Amino acid sequence: MATDALIIDKINSYYGDSHVLHDVSLTLRKSSLLALLGRNGAGKTTTMMTVAGLVTAKTGEITLFGKPVARQKPETIARAGIRLVPQGRRIFPSLSVEENLKVAAQNREIQNPWNISRVFDLFPQLRDRIKQRAGTLSGGEQQMLAIGRALMGNPDVLLLDEPSEGLAPLIVAEVARGIKEIKNEGLSIILVEQNFQLAMSVADDVAVLNTGRLAYYGSAAEVQANPELATKHLGVF
Ligand SMILES: Nc1ncnc2c1ncn2[C@@H]1O[C@H](COP(=O)(O)OP(=O)(O)OP(=O)(O)O)[C@@H](O)[C@H]1O
Ligand SMILES: [Mg+2]
């Protein structure tokens, strides 16, 4: 049984002629959470989009439980078991909460598959909004719905791109609780965050990108034990 869910090996990604990711390599261990940190424009979203197949790596390899997935179509990558919750939480605003979840459903052979009822167990406040148009939800509820949509795809690997962005502290705590629960289910997660405290409260491993290059990769325990690492790489105290 492979112990690594995802191995990103020296990927180079571009927007047109602009070379954004430079030989980025990361490992996501099975059933663990990797926090991917870095300043604005560091390349975090581009890394997530490359894994999801929305940006094509010009060179490099990405393997999901040993299976190569780089340069495949986004649908193929989703079927293989990777789901992205994009930055800015894209949901269908004119569809109801229930419809948003239904259209995202994908059958995959996993233990304890997701369904609408389980998503509502995870984020109970969505249950009260089941018939409500998603565009009328609060930012926090939209984020919960976006995560719920990804879970309906029954992924093995979940990519969360700044789920706390723009949310009030109480809602951030609720989203963090949800992330912890999902992790305890055995999902392997990459979490992009600007909120260092949130990231450290759930991370097993930490990677820092700086202008498209990997600046740090190590365990969360190592970062906790060496605060100067966070200062050096992230400018946080
Ligand atoms: N669609 C695009 N076309 C051209 N350049 C882009 C595009 N998207 C991002 N970039 C550039 O690529 C670099 C990496 O951007 P990316 O969005 O991956 O960073 P990020 O770490 O996610 O930043 P943020 O914290 O602001 O979300 C930046 O220099 C950005 O300006
Ligand atoms: Mg981003």
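Description of the structure in this document. Residue numbering note: each chain is counted from 1, following its sequence as written. Note on labels: chains are lettered from A, ligands numbered from 1, in written order. The predicted nature of this model means local features are confined to residues of pLDDT at least 70 and side-chain atom pairs, given and counted, to a pLDDT of 80 or more, with totals for whole chains, interfaces and linings taken over all residues.

## Concerning the sheet that holds strand β10 (residues 213-219)
Strands qualify as paired when DSSP identifies two bridges or more between them. Numbering of helices and strands runs from the N terminus; a helix is a DSSP stretch of H or I covering at least four residues, while a strand is a stretch of E covering at least two. Ordered by their spatial adjacency, 6 strands build an open sheet running β6-β7-β8-β3-β9-β10, and the pairing between neighbours is mixed. Each of the sheet's edge strands pairs with one partner strand only, and the pair in question is β6 (82-85) and β10. Going from strand to strand, the sheet's axes swing by 15° on average, the running direction of each strand aside. When strand β9 (residues 205-210) meets β10, the two strands line up antiparallel, connected through 6 bridges. When the bridges of β10 are listed, V206 appears paired with G218. Residue pairs qualify as contacts under a 7 Å threshold applied to their C-beta atoms, which are placed from the backbone. Lines fitted to C-alpha atoms define the axes, with helix axes restricted to the stretch in contact, and inter-axis angles between N-to-C directions lie between 0 and 180 degrees. Lying on the sheet, helix α1 (residues 44-52) is in contact with β3 (33-37), β6, β7 (157-161), β8 (188-192) and β9; it crosses β7 at an angle near 150°. Lying on the sheet, helix α10 (residues 227-234) is in contact with β3, β9 and β10; it crosses β10 at an angle near 165°.

## A look at the pairing of strand β4 (residues 57-64)
As paired strands, strand β1 (residues 4-15) and β4 are joined by 6 bridges and run antiparallel to one another. Within β4, the residue paired with I7 across the bridge is T63. Direction of pairing for β4 relative to strand β5 (residues 67-68): antiparallel, over a ladder of 2 bridges. Within the sheet, the bridge partner assigned to L64 lies in β5 and is K67. Turn length for the β4-β5 hairpin, with the two strands adjacent in sequence and antiparallel, is 2 residues, and the turn residue F65 shows positive phi of about 45°.

## Brief notes about unusual backbone geometry
At F65, a position not held by glycine, the phi torsion is positive, near 45°. Of note, the phi angle at N154 is positive, near 50°, even though the residue is not glycine. Structurally, N154 can be placed in the loop between α6 (139-152) and β7.

## A look at the packing of α6 against helix α7 (residues 169-184)
Two numbers describe how α6 lies on α7: the axes approach to 10 Å, and their chain directions differ by 15°. One element, α6, and the other, α7, form an angle in the roughly parallel class. Of the two possible hands of crossing, α6 and α7 adopt the one that is right-handed. In this structure, α6 uses G140, Q143, M144 and I147 to contact α7, whose residues at the interface are I171, E174, V175 and G178. Orientation labels follow simple angle bins: below 35 degrees gives roughly parallel, above 145 gives roughly antiparallel, 65 to 115 gives roughly perpendicular, and whatever is left gives oblique. By definition, any crossing whose near helix is turned counterclockwise from its far helix by less than a right angle is left-handed, and any crossing with a clockwise turn is right-handed.

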